[in-house]
Structures are given as structure tokens and as C-alpha cells.
Amino acid sequence: MMHHDNAGGPDKAVEQELQSLRARFEQLRDHKVRVEQDIRNLTGQLEALKERAKQEYGTDEPEELQSLLQKKQQENERLVQEYRQHINDLQQGLAEVEQAFGESSRRS
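What counts, and where the lines are drawn
Residues numbered from 1 in each chain as written. Predicted model: local features only at pLDDT ≥ 70, side-chain atom pairs only at ≥ 80, totals over all residues. Heavy atoms only, no water. Helix = DSSP H or I, 4+ residues; strand = E, 2+ residues; numbered from the N terminus. Rg over C-alpha atoms; globule rule 2.2 N^0.38 Å. Buried < 20%, exposed > 50% of the residue type's maximum accessible area, 1.4 Å probe, protein only. Areas by Shrake-Rupley, 256 points an atom, 1.4 Å probe, with all protein chains shown as cover. Salt bridge = Lys/Arg side-chain N within 4 Å of Asp/Glu carboxyl O.

1. Overview of the overall build of the protein chain
1) Next: Across its full length, the protein chain holds two helices and zero strands.
2) Next: Rg of the C-alpha trace for the protein chain: 36 Å, well past the compact-globule value of 13 Å for 108 residues, more than 25% over.
3) Next: Oriented by its inertia axes, the alpha-carbon framework of the protein chain measures out at about 120 × 40 × 15 Å.
4) Next: Of all 108 residues assigned to the protein chain, the portion counted as buried reaches 6%.
5) Next: A total of about 10,100 Å² of accessible surface is found on the protein chain, and carbon and sulfur atoms cover 54% of it.

Listed below in C-alpha cells is the structure:
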């Protein structure tokens, strides 16, 4: 291809586009390298989490872990409900004692 330098002309435009495409290619290549590195990092993290789940819960299957989580949440809700009832009973008993004490002190 012959270069005609007639005030920039079509060759200049083609050269500029080529430089622009090269710069874009470099950006995309860098982005690809970063994405591949991210994938390696995330895969490593996932494997570590799966191993930890197996050790702590005996499974790394998402469905089984979800089921275990739901059971744990239900158990926690039950414990909170029991504790709430215990506190309410204590408050009720305290109120009754205060009322009885108040009545006996008014009588004396």
C-alpha cells in the first residue's frame, strides 16, 4: 500500500483508526487477564468455602446447607419465643409481688 501524504487524506484516517483499534485491543487484553485472575481467585475461595462447609456441616451441597440453615433459624425462633415467654413470666411474677407488697404496706 502506497502512502500519499496529501494533507492527511485517507491514509491518515486509516492510521488513526488502526492506533485506536490497537489501544482498544490492549485494554481488552488487560481486562481479560484481570478477569481470568479474578476467576482463579474466586474459584479458590469457593473451593475453600466448600471444604469448610464439609468440615463444619458435613456437606457442601447448597440445597442441604439451605435446609440446615432453615432448621437452625426455626430453632433460633423457638428459643427466642421461649426466652420471651420466660421474661414475660418473670415480669408478671415481679408485678404480682410488687402489687402484693404495695397492698400489704398500705394496710400497715
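Now that the structure has been shown, the text picks up again.
2. Here we look at the pattern of salt bridges
1) Next: Within the structure shown, the criterion is met by six salt bridges.
2) Next: A salt bridge links aspartate 60 to lysine 54; the shortest N-O distance between them is 4.0 Å.
3) Next: The partner of glutamate 75 in a salt bridge is arginine 78, with the nearest N and O atoms 2.6 Å apart. Here the residue glutamate 75 and the residue arginine 78 both occupy positions in helix 2 (residues 62-107), the gap between them amounting to three residues, near one helical turn.
4) Next: Each of the salt bridges in this network shares a partner with another, and the network as a whole consists of Glu75, Arg78 and Glu82.

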